[in-house]
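# Reading the structure
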There are 4 protein chains.
Amino acid sequence: MSGSTFGELFRVTNFGESHGPAIGCVIDGCPPGLPLSEADIQPDLDRRRPGTSRHVTQRNEPDAVEILSGVYEGLTTGTPICLLIRNTDQRSKDYGNLLDTFRPGHADYTYWRKYGLRDPRGGGRSSARLTAPMVAAGAVAKKWLHQRHGTQFIGWMSALGEVAIPFEDEAQITQNAFFAPNAGIVPQLEAHMDALRKSGNSCGARIEVRARHMPVGLGEPLFDKLDADIAYAMMGINAVKGVEIGDGFGVVPQRGTVHGDELSPDGFRSNHAGGVLGGISTGQDLVVSIAIKPTSSIHSPKASIDRHGQPTVVQTHGRHDPCVGIRATPIAEAMLALVVMDHALRHRAQNADVVLPMPPIAGAA
Amino acid sequence: MSGSTFGELFRVTNFGESHGPAIGCVIDGCPPGLPLSEADIQPDLDRRRPGTSRHVTQRNEPDAVEILSGVYEGLTTGTPICLLIRNTDQRSKDYGNLLDTFRPGHADYTYWRKYGLRDPRGGGRSSARLTAPMVAAGAVAKKWLHQRHGTQFIGWMSALGEVAIPFEDEAQITQNAFFAPNAGIVPQLEAHMDALRKSGNSCGARIEVRARHMPVGLGEPLFDKLDADIAYAMMGINAVKGVEIGDGFGVVPQRGTVHGDELSPDGFRSNHAGGVLGGISTGQDLVVSIAIKPTSSIHSPKASIDRHGQPTVVQTHGRHDPCVGIRATPIAEAMLALVVMDHALRHRAQNADVVLPMPPIAGAA
Amino acid sequence: MSGSTFGELFRVTNFGESHGPAIGCVIDGCPPGLPLSEADIQPDLDRRRPGTSRHVTQRNEPDAVEILSGVYEGLTTGTPICLLIRNTDQRSKDYGNLLDTFRPGHADYTYWRKYGLRDPRGGGRSSARLTAPMVAAGAVAKKWLHQRHGTQFIGWMSALGEVAIPFEDEAQITQNAFFAPNAGIVPQLEAHMDALRKSGNSCGARIEVRARHMPVGLGEPLFDKLDADIAYAMMGINAVKGVEIGDGFGVVPQRGTVHGDELSPDGFRSNHAGGVLGGISTGQDLVVSIAIKPTSSIHSPKASIDRHGQPTVVQTHGRHDPCVGIRATPIAEAMLALVVMDHALRHRAQNADVVLPMPPIAGAA
Amino acid sequence: MSGSTFGELFRVTNFGESHGPAIGCVIDGCPPGLPLSEADIQPDLDRRRPGTSRHVTQRNEPDAVEILSGVYEGLTTGTPICLLIRNTDQRSKDYGNLLDTFRPGHADYTYWRKYGLRDPRGGGRSSARLTAPMVAAGAVAKKWLHQRHGTQFIGWMSALGEVAIPFEDEAQITQNAFFAPNAGIVPQLEAHMDALRKSGNSCGARIEVRARHMPVGLGEPLFDKLDADIAYAMMGINAVKGVEIGDGFGVVPQRGTVHGDELSPDGFRSNHAGGVLGGISTGQDLVVSIAIKPTSSIHSPKASIDRHGQPTVVQTHGRHDPCVGIRATPIAEAMLALVVMDHALRHRAQNADVVLPMPPIAGAA
């Protein structure tokens, strides 16, 4: 209840702090018989890992995952899978000052007020480092969903600050440091980042993530709608301030004549809904966008107070990560996979016996 | 687990269908000793009620609430509060055709695929009518939060289709059919709606909702972040396709120099964050925006299929509600109140003993 | 969380007080397509109903159930089923005195200390009357389990006070007021009850309940063991003070040579385990026994205090129910059915794809 | 949902298998500011540890606990506490035969049928070794409850096989290998165990566990009654087949004149109820008894089948633990502490504002 468990049937309990001995998670409820080893998980962790380009934080952690339980002779047993990632780059440092001061845009003030104390080392529990175990858990969900339903997850950056990134070529996503589906724009993105880093400033980003080959019928009608759970998952990622499904805020000026996706024997004719109707998956692609705020730790000084209420100034020195959104793509994919996985199990718990006279219709691009 | 219960400690279980005998909810976990009668709940239900102006659906339901349990001699007892609303406007009608056809933009196809059957009467469980019990439950949460913490909830329409509604005067919200905080724009909104109704079309809307006088420290750090739970609650409202906290998607092109809200002994100097840092309330106003899609039932014909996969055409006749967003304001307020209420109880369960050396700092407008 | 919801996937939320307007429950998660009407539920309610013989409380309530939602054209739709039972025998009465005094053996003192106030009318929420909605929900579970898995539930009284009731003939259970599987002992039970009633005293009882034709594999290994959830369900029934699975407390002096049930190609050779190994069903009969304490409301005076801490004396007049255990059999059956139902859904959520080389082996009597 | 998480607000998620790399748990929801180090936890682990006398299993594990998260500078931070215990005594062994055969009285058959595969090494997840993380978590709960409410937990063996152990002197419990509150009976217990071990047989045991200085008002009235949650916790311990609260099965022949505990200004006059009325704590001692079955692994051959359904014989060689009940006392204490802890938090979430005119009355011995 303290908010460290995600999901109902495929449950992931996350633990750890940025600079403690280790971070990790326990996955409970994974179906048995899934082939699983560290090699299935490490690639997604590596995509999220810091230090992979000059455009992201230079903290250098291998983020090597160890499976502590739940797998026997290479197969999941149906019992909890504990994934452990040891922290290795815990520079010893004097946190005395940080402990006293609330950094603007960070969770320092709110943690302190909530708990009366906080772990200041690298942001403690509020660090984005805690998304690593979710990426690991998401890799397990992805594997099962792909094996069982053919579902695939893919994400990309659609805007870096004020630079829109037109979707051109999916194959490019893995070819640059930005997860940009567009080779031509990469030099502009690099220049944008270099300028930001030089000025000690930061910017936001927009990420789009999709699930393809979705099972139909996932999501519960009233509260645990598939889109509601996706919104919960996405807004829970560090620095996210907005979530859209399908046309998102674009629906405000739309007309009903445009929005409602028509059906035909060949499938849906459009996908304004983003793959969800009434909270339940249509079988079309899930289409999700998120907005990520600019990094709060910048080189410009900002006014703040200390924990005695006295005014002070906060300024970040050294390591600086001008756009936390760059590494958000694998995180968003993982969170989407975890939502879909949970609902795949929930759906069959209730509806395993449903038989219908016709197969699902096709989706629309 | 079938998704009809909202909240962890202040739990609301919703039941009913649009045209069944009754709708309602059971609130479990309400603190004891709260003065409560139907008169505390009915006003919010009346704000959501259909038929109150020519701009909303003409279905005519009194939506009279009855308290069936949990209150003794005018005080909550701490045991479940069952709220019942009898359905009274269930026109007898031949649903045979509707049962066979999947209306574009509605949940007909997805319900049918999920469950193998569905209640077609007025949308059954997928009807926005099921938000009424949440508005009722929200009224209970609002009352307790106001009495205990002074918290208040207020919402308004900030855009109707392509018409932006500048915030001018909060007092105007109750003075027009649109929940518009701006008297001067009302004639334009009326003309917009009349034209839509005449053309048989529909449009989307944007609603903003705020919580004021917020307790500090609400929200759990990792998954059950206050903003994540708000996103879940809002995206779960019928027809919502986007959710923003604070600056929302406006953060994408922002710079870190702008975004991070500075602190001073007099309080926060801005509220780009929308009242949440690291998933925990800062004490500033919660600032939430949602996008509502255009009504799917319109007078223009749309292509679809029937449940044997054969092509057909769907066209709505009679009753027509050109913008479902108009009645969404009290719903969004209620859902926000339910999230805050739940977290108020969750917070004190864990942290009731925390003592701090200084009081919370003030928020920023 | 306030403890009024039972189950994880087949969730029953109970509401109401003994003398409020109504009691009832909401069942969420029921599989769709189950034929269901009030006629499926009423018979079990009638078995639990007061006033059916001179040996149970003379309160006269028809306990007529109304289905308010979740059923369309005679089939469950997969959405919440609200079951409502109006209270009809709420004698107007002056509760002033009762409100001030804590009846020994009742929940008066504990409710008052927990909530600071309580509904004194007929015990309010602590009344055994609140088991009626569970009996109703149990009837739904029983029907689905029987239709889907052939599972059946049966219970009987195995001791009334100091009178042991040897199991002789299952067909007799429905033929007497005691749910006794033994015709010959009925006169002795009647005499026992008449004497108790005459003396204004009360006694305990022992009930045994079984599930037959159990699916194999139900129950989660660590905490939500099938037997642990059964113990939770049974100990939660009013007045229950002990729960046994299989040989129960008889295992203390047993030897391992006796206890471990041997397996053979023809099935298990004994059932000391009561149908559960490692928390998971073996396919043998579930065997459960419970101990029910003597009714606390008796005609003899007992010392107590009032809510100002002053000494007083409590004595029940009028209506008197010398053994609440008599009506416990259908309640225990219902609770067992609810546990099995929940686990049937939970099991297939995780393990629907498991394929094994041989069918389950047979159970042992 | 797969049953590896215990508790609602003080949540313990358990992971690991008997012979995997490690076992452990994640405690979520612990109040912040509690002084905590490994030294607070290790003593209870040592009490449960194997190999401490000739009467328990000779497996030799130090069971050294490591705190991986949730503690900063010696204080809990309110974030998840991960406790890790590395397995060190994993003898390499050929499990080929064990994997094929279902040991009578063990979970081999049920795990295999549930999951389609199982980890046979030392019983895998079904091993009583998985109670070690619960003992560790229980130590945290005990510390907080003692510091905050003065509550204490104590357990002892009240019967070993057919040998009843009269309660004489609490101080003796720590002075013998049996947790027996009676010095005089120890030689008889030792002789009993030596005979069993010699004959290769096993026996059951009865354990009593109590909570003293209980807060009043803990427990939820309908399902999550304090006694129901205790029954769930106790029946979930490996090998437990029966649970009693207060007089337990002794209530069956009792009369109401005896059972109902009278109240007086000086406190309750008796404690037949075992500290719970209507599911809510009275402030008296919680009194709980459990029955533990005889160890299933014995030296006598037993009939069984293999996983192809063919008849076979199972016989344990080597290590043999004639009464698993001996080490159950610290486990039962820990589980009781976890239930009380969870309800302490749940209670104040809802009822923190309740003010009463008089203090709780005293309990009865």
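Our subject is the structure listed above.
So, here is what we can say about the structure in this document. All values reported here derive from a predicted model rather than from experimental measurement.

Here the focus is the overall build of chain A. Each helix and strand in chain A was counted, giving eight helices and 18 strands. For 365 residues, the compact-globule estimate of 2.2 N^0.38 gives 21 Å, and the C-alpha radius of gyration of chain A, at 21 Å, lies within 12% of that figure. In terms of overall dimensions, chain A has C-alpha extents of about 70 × 50 × 40 Å along its principal axes. Classification of the 365 residues of chain A by burial places 70% in the buried group. By sequence separation, contacts in chain A at least 24 residues apart represent 70% of the contacts at least 6 residues apart. For chain A, the computed accessible surface area is about 10700 Å², with 50% contributed by carbon and sulfur atoms.

All right, on to the relation of the copies chain A and chain B then. When chain A is fitted to chain B, the best match, at an RMSD of 0.0 Å, comes from turning it 180° and sliding it 0.0 Å along the axis. Put plainly, the chains are arranged around a two-fold axis. When C-alpha distances to the rotation axis are compared across chain A, the minimum falls at Tyr232(A), with a value of 2.3 Å. Comparing interface residues between copies, 100% of those in chain A also lie at the interface in chain B; the contact surface is shared.

Positioned with a positive phi, Phe179(C) is a non-glycine residue whose angle comes to about 60°. As for its position among the elements, Phe179(C) is in the loop between strand E9 (163–164) and helix H5 (186–199). Phe179(C) sits in the buried class, given a relative accessible area of 10%. With a phi angle near 50°, Glu73(D) is a residue other than glycine that sits in the positive phi range. Locating Glu73(D) in the fold gives a position in the loop between strand E5 (71–72) and strand E6 (75–76). Of the residues examined, Glu73(D) reaches a relative accessible area of 65% and is grouped as exposed.

A few words now on helix H4 (residues 132–149) of chain C. All names here are of chain C. Its 18 residues give H4 an end-to-end C-alpha distance of 25 Å, which sits within 8% of 26 Å, the value for a rise of 1.5 Å per residue. Judged by how many residues are buried, H4 sits mostly within the fold: 13 of 18 residues are covered. Glycine 150, located one to two residues past H4, shows a positive phi value of around 75°.

Each partner contributes to the interface: chain A provides 117 residues, whereas chain B provides 117 residues. Between chain A and chain B the total buried area reaches about 9300 Å² when both faces are included, carbon and sulfur atoms providing 64% of it. Of all residues in chain A, the largest losses of buried area upon contact with chain B belong to Lys114(A), Phe223(A) and Lys241(A), amounting jointly to 9% of the total for that side. On inspection of chain A and its partner chain B, the count reaches four salt bridges. The interface formed by chain A and chain B contains 50 residue pairs in polar contact (both at pLDDT 80 or more). For the side of chain A that touches chain B, the element with the highest residue contribution is helix H3 (residues 108–115) of chain A, accounting for seven residues. Here the side of chain A that touches chain B is composed, by residue class, of 56 nonpolar, 39 polar and 22 charged. In the sheet, strand E11 (residues 240–245) of chain A pairs with strand E11 (residues 240–245) of chain B via three bridges, with the strands oriented antiparallel. Along E11(B), the bridge assignment pairs Gly242(A) with Glu244(B).

To continue, consider the relation of the copies chain D and chain C. In this arrangement, two copies of a chain are superimposed by a rotation about an axis accompanied by a shift along the axis. Mapping chain D onto chain C calls for a rotation angle of 180° and an axial translation of 0.0 Å; the resulting RMSD is 0.0 Å. Counting the interface residues of chain D, we find that 100% of their copies in chain C are interface residues as well, pointing to one common contact surface.

Attention shifts here to the interface of chain D and chain C. Interfaces are frequently sized by the accessible area removed from exposure as the parts join. The interface of chain D with chain C comprises 117 residues on the first partner and 117 residues on the second. Taken together, the two surfaces of chain D and chain C that pack against each other cover about 9300 Å², and 64% of this comes from carbon and sulfur. For the chain D face of the interface with chain C, the top three residues by lost area are Lys114(D), Phe223(D) and Lys241(D), together amounting to 9%. Our count for the contact surface shared by chain D and chain C stands at 50 residue pairs in polar contact (both at pLDDT 80 or more). If you tally residues by element for the side of chain D that touches chain C, the top one is helix H3 (residues 108–115) of chain D, at seven residues. For the side of chain D that touches chain C, the residue count by class is 56 nonpolar, 39 polar and 22 charged.

The next subject is the packing of helix H6 (residues 226–235) of chain B against helix H8 (residues 328–351) of chain B. All names here are of chain B. The interhelical angle for the contact between H6 and H8, taken along N-to-C directions, is 145°, at an axis separation of 9 Å. The chirality of how H6 crosses H8 is right-handed. Across the interface between the two elements, Leu226, Asp229, Ile230, Ala233 and Met234 from H6 touch Ala332, Met335, Leu336, Val339, His343 and Arg346 from H8. Here the contact of H6 with H8 is built from residues that sort into eight nonpolar, one polar and two charged.

Another point: the sheet that holds strand E11 (residues 240–245) of chain C. Strands sit in the order E9(C)-E8(C)-E10(C)-E16(C)-E11(C)-E11(D)-E16(D)-E10(D)-E8(D)-E9(D) across an open sheet of 10 strands; the sheet is antiparallel. The strands lining the two open edges of the sheet, one partner per strand, are E9 of chain C together with strand E9 (163–164) of chain D. Running at roughly 140° to strand E8 (residues 152–160) of chain D, helix H8 (residues 328–351) of chain D makes contact with E8, strand E10 (205–212) and strand E16 (286–292) of chain D of the sheet.

Right, let's get into the packing of helix H1 (residues 38–48) of chain C against helix H8 (residues 328–351) of chain C. Residues and elements named next belong to chain C. Where H1 contacts H8, the two axes come as close as 7 Å, and the packing angle between them is 135°. Regarding the angle of H1 to H8, the classification is oblique. Judged by the twist between their axes, the crossing of H1 over H8 is left-handed. Taking contact as the criterion, the partners of Asp44, Arg47 and Arg48 in H1 are, on H8, Thr329, Pro330, Ile331 and Glu333. Per-class residue counts for the contact of H1 with H8 are two nonpolar, one polar and four charged.

With that settled, consider the pattern of salt bridges. Following the criterion strictly, the structure yields 112 salt bridges over all chains and no others. Across the pair Arg255(B) and Glu162(A) runs a salt bridge whose closest N-O atoms are separated by 3.0 Å. Pair noted here: Arg255(B) is in the loop between E11 and helix H7 (256–259) and Glu162(A) is in the loop between strand E8 (152–160) and strand E9 (163–164), and the two residues belong to different chains. Note on Arg255(B): relative accessible area 22%, which makes it partly exposed. Among the ionic pairs, Asp44(D) bridges to Arg47(D), the shortest N-O distance being 2.9 Å. Of this pair, Asp44(D) and Arg47(D) both sit in helix H1 (residues 38–48), separated by three residues, roughly a single helical turn. Its relative accessible area of 11% is what places Asp44(D) among the buried residues. Each of Glu170(A), Glu208(A), Arg210(A), Arg212(A) and Asp285(A) takes part in one network of salt bridges that share partners.

Residue and element names in this part refer to chain C. In terms of burial, strand E2 (residues 11–16) is largely enclosed, as six of its six residues are buried. Neither face of E2 is open: one carries Arg11, Thr13 and Phe15, the other Val12, Asn14 and Gly16, and all of them are buried. Bridge analysis of strand E1 (residues 5–6) against E2 gives two bridges, and the strand direction is antiparallel. Counterpart to threonine 5 in the pairing with E2 is threonine 13. Counted along the chain from E1 to the antiparallel partner E2, the turn is four residues long, and its residue glycine 7 has a positive phi close to 100°. Remark: five residues form the turn of the hairpin made by E2 and strand E3 (residues 22–28), two consecutive strands paired antiparallel.

All names here are of chain C. Under the definition given, this model contains 32 aromatic pairs over all chains. Centroid distance tyrosine 111 to tyrosine 115: 5.8 Å. Interplanar angle 65°. Geometry classified as edge-to-face. Taken as a pair, tyrosine 111 and tyrosine 115 lie in helix H3 (residues 108–115) at a separation of four residues, close to a single helical turn. Overall, tyrosine 111 belongs to the buried group, its relative accessible area being 7%.

What follows concerns the sheet that holds strand E2 (residues 11–16) of chain B. Strand pairing in a sheet relies on backbone hydrogen bonds. The paired strands run either parallel or antiparallel. Residue and element names in this part refer to chain B. Read across the open sheet, the five strands follow the order E1-E2-E3-E7-E4; overall the sheet is antiparallel. The open sheet has two edge strands with one neighbour each: strand E1 (5–6) and strand E4 (65–67). Of the pairings in the sheet, the one linking E2 to strand E3 (residues 22–28) comprises six bridges and is antiparallel in character. In the sheet register, phenylalanine 15 faces E3, and the bridge partner there is glycine 24. Helix H4 (residues 132–149) rests against E1, E2, E3 and strand E7 (81–86) of the sheet, and its axis sits at about 35° to E3.

Parameters and conventions
Residues numbered from 1 in each chain as written. Chains lettered and ligands numbered in written order. Predicted model: local features only at pLDDT ≥ 70, side-chain atom pairs only at ≥ 80, totals over all residues. Heavy atoms only, no water. Helix = DSSP H or I, 4+ residues; strand = E, 2+ residues; numbered from the N terminus. Rg over C-alpha atoms; globule rule 2.2 N^0.38 Å. Buried < 20%, exposed > 50% of the residue type's maximum accessible area, 1.4 Å probe, protein only. Contact = heavy atoms within 4.5 Å. Areas by Shrake-Rupley, 256 points an atom, 1.4 Å probe, with all protein chains shown as cover. Least-squares fit on C-alpha atoms with pLDDT ≥ 70 in both. Expected span 1.5 Å × (residues − 1). Buried area = accessible area lost by both parts, 1.4 Å probe. Salt bridge = Lys/Arg side-chain N within 4 Å of Asp/Glu carboxyl O. Polar contact = N/O pair within 3.5 Å; in protein donor to acceptor, adjacent residues only side chain to side chain. Nonpolar A, V, L, I, M, F, W, Y, C, P; charged D, E, K, R; others polar. Pairing = 2+ DSSP bridges. Axes fitted to C-alpha atoms, helices over the stretch in contact; angles between N-to-C directions. Left-handed = near helix turned anticlockwise from the far one by under 90°. Parallel < 35°, antiparallel > 145°, perpendicular 65-115°, else oblique. Phe/Tyr/Trp six-rings, centres within 6.5 Å; stacked < 30°, edge-to-face > 60°.

Geometric descriptors of this kind do not, in isolation, establish any biological role.
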